[in-house]
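Topology and contacts: notes
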Amino acid sequence: MAAGVAAWLPFARAAAIGWMPVASTPMPAPPREKRRTQDGLIILNVSGTKFQTWRNTLERYPDTLLGSTERDFFFHEETNEYFFDRDPDIFRHILNFYRTGKLHYPRHECISAYDEELAFFGIIPEIIGDCCYEEYKDRRRENAERIQDDEDNDNNNDLVTPDMTMRESMWRAFENPHTSTMALVFYYVTGFFIAVSVMANVVETVPCGSSLNRAKDISCGERYALAFFCLDTACVMIFTIEYLLRLIAAPSRYKFVKSVMSIIDVVAIMPYYIGLVMTDNEDVSGAFVTLRVFRVFRIFKFSRHSAGLRILGYTLKSCASELGFLLFSLTMAIIIFATVMFYAEKGSTASKFTSIPAAFWYTIVTMTTLGYGDMVPKTIVGKIFGSICSLSGVLVIALPVPVIVSNFSRIYHQSQRAEKRRAQKKTRLARIRAAKRGGASAYLQYKRNGLPSDAPDEASKEAGQALVSKVNPTFESQHHHLLHCLERTTNHEFVDEQTYETSCMEMTLANQTRSRSSSVSSSPHGLSSCCSRRNKRKSFHVPNSTTGGGRHGSVQELSTIQIQERPLSNSRSSLNAKLEETAQLNCDQPFITAAIISMPTPPVTTPEGDESAGSPDYSQSNIVRVSAL
Amino acid sequence: GFIYPQSSNKRGLKAQLRKLIPCSGGRRASARTQNSVEDELELSAVRHRPEGLEQLEAQTRFTRKELQVLYRGFKNECPSGVVNEDTFKDIYSQFFPQGDASTYAHFLFNAFDTDHNGSVSFEDFVMGLSILLRGSVQEKLNWAFNLYDINKDGYITKEEMLDIMKAIYDMMGKCTYPILKEEAPRQHVEIFFQKMDKNKDGVVTIDEFIDCCQNDENIMRSMQLFENVI
């Protein structure tokens with residue numbers, strides 16, 4: 001029950017008189033009212049600071065300490081006041097919550113002290129108003145992170161739990177090399193071999209002095225081919241073993257195979273195996289040489305060893321659109337200036353600007369202020385435009401770079417904050433929904449116990465113990481009486497989700513079994529009227545349209561509708577959808593009634609229960625339909 | 001109050017600034033909307049003050065103390081002194097978490113808003129409560145008839161009753177036992193009309209209604225149910 005609404009309960013109860021003339025059954029008796037205490041002033045003495053307020057103000061929130069009878073524990077007879085040995089500065093905000101309905105978080109207060117006071121007075125922090133909620137959550141998160149960091153530092157020195165499986169401990173070793181000595185050794189060994197492999201790839205191409213047969217130098221790779229081959233084999237063997245071990249240890253193999261690091265691993269070792277397979281085929285040796293280029297990807301394996309590399313990759317990925325825009329604007333400028341330069345230099349003899357694509361090279365070199373000098377304009381117009389090109393190059397390149405840098409930090413922080421807000425909103429709404437559900441389930445619990453309003457403790461225990469400290473019995477009993485009156489008015493009862501789902505399920509099963517056995521005894525009249533309605537609705541929201549024969553098909557659809565639809569919200573649309581389903585169920589009812597009469601064994605009692613225990617009008621209508629058959 | 005002169009000064013200053021800046025076309029539009037927002041705020045900030053305590057005491061059947069308690073609660077929830085329909089629906093929906101109480105709240109709002117100005121002031125609120133809690137059975141039945149008669153023409157037609165009934169059944173939500181069928185409100189309306197519509201002309205007049213209710217013991221007893229709510 002949302003806070004503050006307790007004050008409007010008398011109005012809601014009075015308005016219930018609107019149901020009385022249309023009620024189908026007599027109303028339940030109202031709960032016994034305790035003698036109404038006069039609304040007086042209450043003195044709250046908090047560590048010497050006296051606060052005064054009306055009793056009714058405090059009782060607006062009956063699920064908190066001050067609003068319930070729990071405050072009687074703090075009553076001090078000698079001075080006829082309620083004494084709390086707590087912080088008066090924070091208490092001021094708590095009392096303002098009762099007065100205004102909005103809880104504020106003072107920025108200068110310590111977050112844990114504030115949390116403690118809220119917990120003491122039984123107020124859930126989700127009630128904090130929007131003006132202060134983000135600040136509160138930020139401070140709380142910082143605090144939690146600080147505590148978590150301290151705990152992590154302690155935990156990292158602990159031994160691994162003995163009941164971890166081999167696979168889990170292997171994965172842990174791979175992910176956190178600091179956990180065990182073996183993991184550290186493995187980490188350094190792989191790092192060393194990555195470095196060795198990359199160095200070998202580099203050194204392979206260095207000219208190594210001339211051999212006796214040839215005139216020019218040959219590369220070291222060709223000279224010491226065997227040595228390099230052995231080195232490559234060793235490295236690839238280590239990498240392959242590492243990859244296989246990771247694959248075995250991964251908790252989710254499919255996710256592991258899809259991850260970037262594993263793709264890099266595969267790309268790093270594939271050229272070797274492909275080379276092994278294709279050594280003798282001369283036709284594809286050209287492609288084989290190209291494949292060796294991919295060996296350089298081994299250097300990316302270092303990103304497992306370096307967090308900075310990972311962060312760089314992530315930020316590049318997250319700013320892809322900004323980079324794309326930079327590229328696009330650069331391309332535009334290049335094309336413009338290349339065109340201009342080409343046409344400017346067209347007149348000059350022996351011009352290097354043979355085509356616009358050829359001028360691209362000049363434009364790029366000039367705009368990035370490289371200035372190789374292999375292509376220079378010779379005409380005056382060309383030189384003018386060339387200088388404009390180099391000036392604008394500085395602008396075009398230098399301007400977006402700080403924008404991209406600031407975009408990096410902005411996007412990064414923004415995405416963090418957006419996710420944070422989304423998560424906060426989700427949990428906040430979830431808790432409020434849980435409290436709401438707690439209120440609804442409190443009523444159901446109260447009904448199940450069948451107890452009068454004297455014992456609300458059961459109801460309060462059921463209704464979200466984590467959220468409320470104590471429930472005002474008078475308010476609860478009056479609210480339950482109100483809901484009871486509504487039940488009596490409409491002659492239906494409130495049930496919870498599970499009971500409703502099971503009763504729906506039972507009805508569909510009953511329909512199915514009965515339809516299979518009693519398809520012959522169904523009346524054509526009923527079939528036409530109901531099936532026409534059903535056929536109209538067959539078209540919408542049926543996932544697998546079974547166009548098979550008549551009632552079997554449609555009943556099949558019914559059951560799929562029942563089972564696959566899980567309306568979680570109480571919105572009108574879902575309510576209407578569910579009503580239509582139940583209407584479809586209902587139109588099966590008359591046949592089933594006929595079937596029950598002809599068959600001796602009614603398997604499910606739910607529809608029967610409806611007829612026997614239902615209101616007179618309900619069974620009347622069914623009887624009418626049976627006689628029409 | 002003195003808020004008005006201040007804002008007009010602000011507006012004057014803004015207008016002068018706008019004249020200085022040449023390219024403030026877009027800003028002019030936003031400033032205009034901002035001014036209209038300010039106007040709206042000022043309008044809605046108008047406090048509604050109820051009539052004096054003595055007058056309300058005379059017009060309703062509540063004692064002075066009861067009126068004090070009622071007003072304090074009312075003003076706490078609605079500091080501006082009036083309830084508009086959305087707030088009303090919100091508050092009423094809190095009591096029926098399983099279903100959708102907004103339609104019934106709409107009808108209730110119209111029943112309380114006797115002068116049909118779109119908001120329920122404290123006087124409307126307290127008059128309605130006075131009838132419901134301290135009125136005679138005749139007055140209560142009158143009030144109920146007024147609630148059902150949506151277009152206030154003195155007759156309850158089947159369509160009006162069906163709307164009301166659907167609104168009541170909506171408050172139950174979907175998780176009910178037995179499962180709520182689509183014909184339930186309609187059947188309920190049929191029973192109601194069979195009972196109330198004596199001359200079978202398809203509408204229920206106020207006399208038929210009061211007559212029939214006074215002859216029904218259950219209804220009479222249930223009318224006395226909420227005497228001690230305040």
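Computed from a predicted model, the values in this text were never measured in an experiment.

**Looking at the overall build of chain B**
Helix and strand content of chain B: 12 helices and 5 strands. Every one of the 230 residues in chain B was classed for burial, and the buried ones make up 45%. A total accessible area of about 11,600 Å² is found for chain B, and carbon and sulfur atoms account for 54% of it.

**Things to note about the pairing of strand β2 (residues 49-54) of chain A**
Residue and element names in this part refer to chain A. Note that strand β1 (residues 41-46) and β2 share 6 bridges and pair antiparallel. The partner of Leu 41 across the bridge, within β2, is Trp 54. Here β1 folds back onto β2 in antiparallel fashion, the turn holding 2 residues, of which Ser 47 has a positive phi close to 50°.

**Quick notes on the packing of helix α8 (residues 137-148) of chain B against helix α11 (residues 206-215) of chain B**
Residue and element names in this part refer to chain B. Interhelical geometry of α8 versus α11 gives an angle of 130° and a closest axis separation of 10 Å. In terms of orientation, α8 lies oblique with respect to α11. For the element pair α8 and α11, the recorded crossing hand is right-handed. Together, Gln 138, Leu 141, Asn 142, Ala 144, Phe 145 and Tyr 148 of α8 and Ile 206, Phe 209, Ile 210, Cys 213 and Gln 214 of α11 make up the contact between the two elements.

**Remarks on a nonpolar patch on the surface**
All names here are of chain A. Where nonpolar side chains cluster on the molecular surface, the patch consists of Leu 226, Phe 229, Met 270, Tyr 273, Leu 276 and Val 277 and spans about 600 Å² of accessible area. Residue assignment for the nonpolar patch shows that the elements contributing at least two residues are α9 (225-249) and α11 (260-278). Of the residues forming the nonpolar patch, the biggest block, 4 residues, is contributed by α11. Structurally, Leu 226 is set in helix α9.

**Structural notes on the pairing of β1 of chain A**
On a regular strand, one side chain projects to one face of the sheet and the next to the other, so that they alternate. Pairing of β1 of chain A with strand β4 (residues 81-84) of chain A, which is carried by 3 bridges, proceeds in the parallel orientation. Residue Val 46 of chain A lies in a different strand from β4 of chain A, and its bridge partner there is Phe 84 of chain A.

**Section: the side chain of Ser 68 of chain A**
Relative to the elements of secondary structure, Ser 68 of chain A occurs in the loop between α2 (55-58) and β3 (75-76). A polar contact is formed between the side chain of Ser 68 of chain A and the backbone oxygen of Thr 64 of chain A, at a distance of 2.9 Å.

**Remarks on the confidence of the model for chain A**
Residues and elements named next belong to chain A. Here chain A averages 73 in pLDDT, while 67% of its residues score no lower than 70. When the elements of chain A are averaged for pLDDT, helix α22 (residues 550-564) gives the smallest value, 37, and helix α15 (residues 356-367) the largest, 93. The low-confidence segment residues 451-471 (pLDDT under 50) makes 38 contacts with residues lying over four places distant or belonging to another chain. Segment residues 518-629: pLDDT under 50, and 135 contacts once partners within four positions in sequence are set aside and those in other chains are kept.

**Things to note about the nonpolar core**
Within the largest apolar cluster, 81 residues are counted, with the highest numbers of intra-cluster contacts made by Trp 19 of chain A together with Tyr 92, Phe 96, Met 161 and Phe 209 of chain B. No other element matches helix α9 (residues 158-172) of chain B, which puts 9 residues into this core. Among the nonpolar cores identified, the runner-up in size contains 27 residues, and Ile 42, Tyr 82, Ile 128 and Tyr 133 of chain A belong to it.

**Thoughts on the pattern of salt bridges**
Residues and elements named next belong to chain A. Applying the stated criterion across every chain yields a total of 23 salt bridges over all chains. For Arg 428, the salt bridge is made with Asp 130, and the minimal N-O distance between the two is 3.5 Å. Taken together, the residues Arg 428 in helix α17 (residues 400-449) and Asp 130 in helix α5 (residues 130-155) connect sequence positions 298 residues apart. Judged by its relative accessible area of 17%, Arg 428 is buried. Its salt-bridge partner being Asp 232, residue Arg 298 comes within 3.1 Å of it at the nearest N-O pair. Of the two residues, Arg 298 sits in the loop between α12 (285-293) and α13 (307-318) while Asp 232 sits in helix α9, which places them 66 residues apart along the sequence. Connected through shared salt-bridge partners, Glu 242, Arg 246, Asp 265, Lys 301 and Arg 304 make up one network.

**A few points about the interface of chain A and chain B**
Taken together, the contact pairs 73 residues of chain A with 66 residues of chain B. Both sides together, the interface formed by chain A and chain B hides about 6,400 Å², and carbon and sulfur atoms give 67% of it. Contact with chain B buries area across many residues of chain A, yet Trp 8, Phe 11 and Ile 17 of chain A alone supply 12% of it, more than any other trio. Inspection of the region where chain A meets chain B yields 0 salt bridges. Scanning the region where chain A abuts chain B turns up 8 residue pairs in polar contact (both at pLDDT 80 or more). Taken together, the elements giving at least two residues each to the side of chain A that touches chain B come down to α1 (9-15), α17, α19 (473-490), β7 (493-494), α20 (497-517), α21 (524-538), α23 (572-598) and α25 (616-628) of chain A. With 9 residues, α19 of chain A is the single largest residue contributor to the side of chain A that touches chain B.

**Some words on the sheet that holds β1 of chain A**
Residue and element names in this part refer to chain A. Spatial strand order, β2-β1-β4-β3: 4 strands in an open sheet with mixed pairing. Here the strands that pair on one side only, and so sit at the sheet edges, are β2 and β3. Sheet strands in contact with helix α3 (residues 88-100) are β1 and β2, and its direction is about 5° off that of β2.

**Considering the UniProt feature "domain: EF-hand" (unreviewed entry) in chain B**
All names here are of chain B. In the UniProt entry, the feature "domain: EF-hand" (unreviewed entry) is given for residues 100-135, 136-171 and 184-219. Structurally, residues 136-171 is divided into 72% helix and 8% strand, and its ends, taken at the C-alpha atoms, are 28 Å apart. Helix makes up 72% of residues 184-219 and strand 8%. Its end C-alpha atoms lie 21 Å apart.

**Brief notes about the side chain of Arg 298 of chain A**
Residue and element names in this part refer to chain A. Judged by relative accessible area, which is 0%, Arg 298 ranks as buried. Of note is the side chain of Arg 298, whose polar atom sits 3.2 Å from the backbone oxygen of Ala 268. Beyond its immediate sequence surroundings of up to four residues, Arg 298 is in contact with Ile 194, Ser 197, Val 198, Asn 201, Asp 232, Val 236, Phe 239 and Ala 268.

**As for the environment of Glu 59 of chain A**
Looking at where Glu 59 of chain A falls in the secondary structure, it is placed in the loop between α2 and β3. Along the sequence, Glu 59 of chain A and Phe 475 of chain A sit 416 residues apart, while their C-alpha atoms lie 9.7 Å from each other.

**A closer look at the packing of helix α10 (residues 184-196) of chain B against α11 of chain B**
Residue and element names in this part refer to chain B. In the contact formed by α10 and α11, the axes pass within 9 Å of each other and the chain directions differ by 90°. By the angle between their directions, the pair α10 and α11 is classed as roughly perpendicular. Of the residues in α11, those in contact with Phe 192, Lys 195 and Met 196 of α10 are Glu 208, Phe 209, Cys 212 and Cys 213. Looking at the contact of α10 with α11 residue by residue, the class counts come to 5 nonpolar, no polar and 2 charged.

**Considerations on the environment of Tyr 71 of chain B**
All names here are of chain B. With respect to the helices, strands and loops of the structure, Tyr 71 is situated in helix α4 (residues 64-77). A C-alpha to C-alpha distance of 9.7 Å links Tyr 71 and Phe 125, two positions 54 residues apart in sequence. The residues touching Tyr 71, leaving out its near neighbours within four places in the chain, are Pro 50 and Phe 122.

**Let's talk about the confidence of the model for chain B**
Residue and element names in this part refer to chain B. Of all residues in chain B, 79% have pLDDT values of 70 or greater, and the mean over the chain is 78. pLDDT under 50 marks residues 1-10. Its contacts with residues more than four places away, or in other chains, come to 3 contacts. A low-confidence stretch, residues 23-31 (pLDDT under 50), is modelled with 4 contacts involving residues beyond four sequence positions or located in other chains.

**What about unusual backbone geometry?**
The omega torsion of the bond from Tyr 177 of chain B to Pro 178 of chain B falls at -5°, within 30 degrees of zero and hence cis. Summarising the element assignment, Pro 178 of chain B is placed in the loop between β4 (176-177) and α10. Even without a glycine there, the phi angle at Asn 80 of chain A is positive, about 55°. Phi at Ala 350 of chain A is positive, roughly 50°, even though this residue is not glycine.

What counts, and at which threshold
Residues numbered from 1 in each chain as written. Chains lettered and ligands numbered in written order. Predicted model: local features only at pLDDT ≥ 70, side-chain atom pairs only at ≥ 80, totals over all residues. Heavy atoms only, no water. Helix = DSSP H or I, 4+ residues; strand = E, 2+ residues; numbered from the N terminus. Buried < 20%, exposed > 50% of the residue type's maximum accessible area, 1.4 Å probe, protein only. Areas by Shrake-Rupley, 256 points an atom, 1.4 Å probe, with all protein chains shown as cover. Pairing = 2+ DSSP bridges. Axes fitted to C-alpha atoms, helices over the stretch in contact; angles between N-to-C directions. Parallel < 35°, antiparallel > 145°, perpendicular 65-115°, else oblique. Left-handed = near helix turned anticlockwise from the far one by under 90°. Contact = heavy atoms within 4.5 Å. Patch = residues over 30% accessible without salt bridge, like charges linked within 9 Å, V, L, I, M, F, W, Y side chains within 5 Å. Salt bridge = Lys/Arg side-chain N within 4 Å of Asp/Glu carboxyl O. Polar contact = N/O pair within 3.5 Å; in protein donor to acceptor, adjacent residues only side chain to side chain. pLDDT = per-residue confidence, 0-100. Core = buried A, V, L, I, M, F, W, Y, C linked by side-chain atoms within 4.5 Å. Buried area = accessible area lost by both parts, 1.4 Å probe. UniProt positions renumbered as here; feature names shortened; annotations may be inferred. Nonpolar A, V, L, I, M, F, W, Y, C, P; charged D, E, K, R; others polar.

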